[in-house]
Amino acid sequence: MVQFHEQIIGELLEDPNGGLVVLSSGLSLPKLISSLLHLHSSTTGTLLLLSPPSLKSLILHHHHSNHPQLPSEISAEFPANHRLSLYSSNSVFFITPRILIVDLLSNKLSPSLISGLVILNAHSLSETSTEAFIVRILRSSNRDLYVRAFSDKPHAMVSGFAKAERTMKCLYLKRLHLWPRFQVHVAEELERDPPVVVDVRVPMTKYMVGIQKAIIEVMDACLKEMRKTNKVDVEDLTVENGLFKSFDEIVRRQLDPIWHTLGKKTKQLVSDLKTLRKLLDYLVRYDAVTFLKYLDTLRVSESFRSVWIFAESSYKIFEYAKKRVYRFGRSDGAKPSGQGKSVTGKKRKSKGDDKNEKEVGGTSSASTSSGLVLEEVLEEAPKWKVLREVLEEIEGERQKQREEFQVEGEENDSGIVLVACKDERSCMQLEECILNSTQKVMREEWEKYLLNKVDLRDLQTRYKKKPKDPKGFGVLDGIVPITPAPNAQASSSINKQEHDALLAAASELRNQAKKDCAIGDDPQPHDSSKKGGKGKGKGRSKKGPANVQSPGNKKAARNDKVETSDSENEGKKDEINPATVDKPILRKHTQESNGSRTAKPLPPVHFYALESDQPILDTLKPSVIIVYQPDITFVREIEVYKSENLSKNLKVYFLFYEDSTEVQKFEASIRRENGAFESLIRQKSMMMIPVDQDGRCLGLNSSVEPQASSSQNSITRKAGGRKEIEKEMQVIVDMREFMSSLPNILHQRGMRIIPVTLEVGDYIISPLICVERKSIQDLFMSFTSGRLYHQVETMVRYYKIPVLLIEFSQDKSFSFQSASDIGDDVTPNSIISKLSLLALHFPRLRIIWSRSLHATAEIFASLKANQDEPDETKAMRVGVPSEEGIVEDDVRAENYNTSAIEFLRRLPGVTDSNYRAIMDGCNSLADLALLPVERLAELMGGQKAARTLREFLDAKYPTLL
């Protein structure tokens, strides 16, 4: 264990109440928790941990390495008596907040059995969270309980107003412990014997630089548009902030209360900034073909509503992304734009064909002697080459050490080089690059890209009838669907030709694959390359003849307008024109591949995805780490790993793209964390924490006492203002509702919460009132699935006053949609129309609109006035199918003959107000038919209704005789 962990634990143990610890990300929070668990004594009581699943697995890993007995988990699968025995065992358990709060409220768990509570996601807590609810209940009954809360996300602890102070108040804590990376003890320990760091700055290609510059220009333009709205704090609207995911949260938090008043353009700008941030990330993370493929999907999905696509610099993003993958031009080197009028004439000819993609060659063969060439570029990521060079250098150094020191140090060193990337996809691709070759990886991506285009074309032709005179072309054709001017028409035809060239190349690729399968040759081209040895994968002995044959077989296709020449990869490609300058290019490639065959040996490599959150450093114990995509959390983990293994000679390589947003983002993340800690330090110096943080429900006292005094003044005539004995209000709550914060707020208002499993409704307020609560998102989903109709139907069947509660979020607008979006007609897609139809279909349904959780609690309190308390056993049995048959005076589902009730309600004189009285007054429809008019008048509430029903029942059945 590192020394500053011991100091943190020592500070926590000083205060018997516990405390809130905020430390820098990457400083091994799971190890700290594991060390803290070792100190738990079974004599004090049970210790419960509220932890997210990712942290739980890491804590268990570290705990197992130092302690054989692992903490177990209390889950919902355990029956109540088993859970009770576990709570009394004085051990350490992981538990979810939902299970714990239900057991506390149902009195299955006595608070005195719990000695302590450890909460590991303190940054996500608020006054309304379930964790705060748990602490309030435990503290009110067990003053000796300690609560230790932890967070390794300091920037989340400063979001919003006084977040740290409010978190401490809701957990009843008095002490805040801050442990940033620049803290004296932390910095001293981590910098005592730092690892050897090699900072490798890789220059980006000119097209990558161009794309990055264009994205930043577009992002800046979007931010300027956002500033014009005057709805967002201008200080937050910077490109640097835009590099982080939290930027979306910052903007949405400011705009949510007025979201319904914003125009479509402003809403789209928020979405566009998120898209542009992804583009910047994907530019340095993925290869050129994958980036182009992502841009193609954006062009299809966002082309008509997006703001950024129409920005001035956006065309550069698409243009440069294409140039990284292929070039499209004439074989004589001239630009295809010079074809002007003849091109448009040819385009008209090809429109008449049914399959112009396939026959485009035939229509254009008579045009010019020099056809159009699709020249592959397939630009490799610059980091790929550097990564291989670094690995070769590592292996070379190791060989020198072996020669000099003869197997010294091999006992401690596994020899594996750890390469850390952001995600699994990057890991798999880099592994392919190292095992086979970078050219082969790019070739496979390029072939997938082309085949996807053919599949898309086939889908369009199969399921979509082509109009005789099309108004425009698909977005994948690159043609803007607007009536073009002469120049625009020429450029659009070039885009069409470019698209046709890609389709022709892809069709030829697929035909060649089919031909290979039919011949019985190697069906998968890349399999042969695997057999051909390592290096850069140029040993394609089986594919050599196919490559020689394919240009010859394509003599007929060579007359087409479209040909492809391979400028950077292997000789095999779709349409190759032998008349063009292909041989020098192919020769150049054979030279490259020969060089790669004599490649230097590489060390064993393990690729690790940072998103997987595995304890990889302690498992592998590497001596060389290559940080391919830098991340501040992983860098700190490396520092802690080195300080724990001082004897190990650790070398770390950082691969950065020079002058890229990757560097900016990494540096900005350090600045942002330091700024968050400086803010927390300032908050700590002037924080006001109540001295009596002993678990008393302050919210309850403040909310109940004013009501008591006001009611006392209003009833002074009754016994001289004698104070009435206040009865405890009860609310029966469905178990599934504990995912929301409403039970917490109701408990704050002094209501007793009874958690049970309800078949009908979410909240039972009284024997007559049943409430189905819907958040806005849940309301839309319930309407879509039809679940809401069924839920309201069952509530109407079993309760006199069914209520649909529509609850809005407090920090969002109290509006479904802007007034301009509400139409006059009933439409199937309108939420207002659906609600109107629901209210018409169920006239007794009451709809309540609530602005927030606190407003809902007020509404519940007013609804409960002058109402009896609900019966727990009866509420549990409503709507539940019985196993022992029908029970007298029971409210189970079988006791209600739904068909008979529906028949009864359709009889003349029977209304919503009297059908229940009729059901209580007779056992069946047969009994109803025999009742006299006087008895019917008593049940139906009037002579007129009774006579109407009696006349209907006594009416003679008409016959033909």
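Nothing here was measured: the structure is a model prediction, and the numbers come from that model.

Attention now goes to the overall build of the protein. Within the protein one finds 38 helices and 21 strands. The buried share of the protein, reckoned over its 961 residues, is 50%. The long-range fraction of contacts in the protein, counting pairs at least 24 apart against all pairs at least 6 apart in sequence, stands at 74%. With an accessible surface of roughly 47900 Å², the protein has 52% of that area assigned to carbon and sulfur atoms.

Extensive coverage of strand S11 (residues 417–421) is indicated by the burial of five of its five residues. Side chains Val417, Val419 and Cys421 project from S11 onto one buried face, and the interleaved Leu418 and Ala420 project onto a second face that is buried too. As paired elements, S11 and strand S13 (residues 605–609) share five bridges and run parallel to each other. Bridge pairing in S13 places valine 419 opposite phenylalanine 607. Summarising the sheet, S11 and strand S14 (residues 624–627) pair through four bridges and their orientation is parallel. The residue bridging valine 417 from the neighbouring strand is valine 624, located in S14.

This part covers the packing of aromatic side chains. Applying the stated rule across the entire model yields 13 aromatic pairs. We note arginine 148 situated over the ring of tyrosine 146; from NZ or CZ to the ring centre the distance is 4.0 Å. Above the face of the tyrosine 915 ring, arginine 905 is positioned so that its terminal group lies 4.7 Å from the ring centre.

On to the sheet that holds strand S1 (residues 18–23), then. If you walk across this open sheet you meet the seven strands as S3-S4-S2-S5-S6-S1-S7, and the pairing is parallel. Each edge of the sheet is formed by a strand with only one pairing partner; in this case those strands are strand S3 (72–74) and strand S7 (176–179). When the angles between neighbouring strand axes are averaged without regard to direction, this sheet yields 25 degrees. By the bridge criterion, four bridges tie strand S5 (residues 114–119) to strand S6 (residues 146–151) in an arrangement that is parallel. Within S6, the residue paired with leucine 117 across the bridge is valine 147. Contacts between helix H4 (residues 80–87) and the sheet are confined to strand S2 (46–50), S3 and strand S4 (92–95), with S3 contributing the most and set at about 135 degrees to the helix.

A few words on the sheet that holds strand S17 (residues 752–756). Overall, mixed pairing links the six strands, which are arranged S17-S16-S18-S19-S20-S21 in an open sheet. Here the strands that pair on one side only, and so sit at the sheet edges, are S17 and strand S21 (846–850). The strands touched by helix H32 (residues 853–864) within the sheet are strand S16 (730–734), strand S18 (763–764), strand S19 (769–775), strand S20 (801–807) and S21, with S21 carrying the most contacts at an inclination of about 140 degrees.

Here we come to the pairing of S1. Of all six residues in S1, six are buried; the element is thus mostly enclosed. As defined by bridge partners, S1 adjoins S6 across five bridges and the pair is classed as parallel. Bridging from a neighbouring strand, glycine 19 pairs with arginine 148 of S6. By the bridge criterion, four bridges tie S1 to S7 in an arrangement that is parallel. Bridge pairing in S7 links valine 21 to histidine 177.

As a further point, take unusual backbone geometry. For leucine 378, which is not a glycine, the phi torsion comes out positive at approximately 50 degrees. If you trace the backbone, leucine 378 turns up in the loop between strand S10 (372–376) and helix H16 (382–405). You can call leucine 378 buried: its relative accessible area is 1%. Backbone geometry places lysine 621, a non-glycine residue, at a positive phi of 50 degrees. Relative to the helices and strands, lysine 621 is located in the loop between helix H24 (616–620) and S14.

Formed by 78 residues in total, the largest nonpolar core has its most connected members in Leu279, Trp308, Leu387, Trp446 and Ile626. By size, the runner-up hydrophobic cluster in this structure holds 62 residues, among which are Val22, Ile74, Ile119 and Ile753.

Turning to helix H7 (residues 163–170), a few remarks are in order. The buried fraction of H7 amounts to six of the eight residues, a majority that puts the element mostly inside the structure. Of the positions making up H7, those classed as buried are Lys163, Ala164, Glu165, Thr167, Met168 and Cys170. In this structure, the buried residues of H7 make contact with S1, helix H6 (130–141), S7 and helix H26 (661–685). Tyrosine 172 occupies a position one or two residues after H7 and carries a positive phi of about 55 degrees.

A word on helix H2 (residues 29–38). Of all ten residues in H2, nine are buried; the element is thus mostly enclosed. Of the positions making up H2, those classed as buried are Leu29, Pro30, Lys31, Leu32, Ile33, Ser34, Ser35, Leu36 and Leu37.

The rules behind each value
- Per-chain numbering applies: the sequence of each chain, read as written, is numbered from 1 onward.
- Side-chain atom pairs in this predicted model are given and counted only at pLDDT of 80 or more, local residue features only at pLDDT of at least 70, and totals for whole chains, interfaces and linings cover all residues.
- Based on all heavy atoms of the structure, the side-chain values leave hydrogens and waters out of the count.
- Helical segments are the DSSP runs of H or I of at least four residues, strand segments are the runs of E of at least two, and each set is numbered from the N terminus.
- Think of it in three bands: with a 1.4 Å probe and only protein chains considered, a residue is buried below 20% of the maximum accessible area for its type, exposed above 50%, and partly exposed in between.
- The contact definition used throughout considers only heavy atoms, calling two residues in contact when any of these lie within 4.5 Å.
- Here the Shrake-Rupley method, with its probe set to 1.4 Å, supplies the accessible areas, and only the displayed protein chains count as covering residues.
- Each pair of strands is called paired provided DSSP finds at least two bridges between the two strands.
- By convention, a stacked pair of Phe, Tyr or Trp rings (six-membered ring in the case of Trp) has centres within 6.5 Å and planes under 30 degrees apart, an edge-to-face pair has planes over 60 apart, and any other such pair is tilted.
- Charge-over-ring contacts are defined here by two conditions on Lys NZ or Arg CZ: a distance within 6 Å of the ring centre and an angle within 35 degrees of the ring normal.
- An axis is simply a line fitted to the C-alpha atoms; with a helix, the fit covers only the stretch in contact. Between two such axes, the angle follows the N-to-C directions and lies from 0 to 180 degrees.
- As used in this record, nonpolar core signifies buried Ala, Val, Leu, Ile, Met, Phe, Trp, Tyr and Cys residues forming a set joined through side-chain atoms within 4.5 Å.

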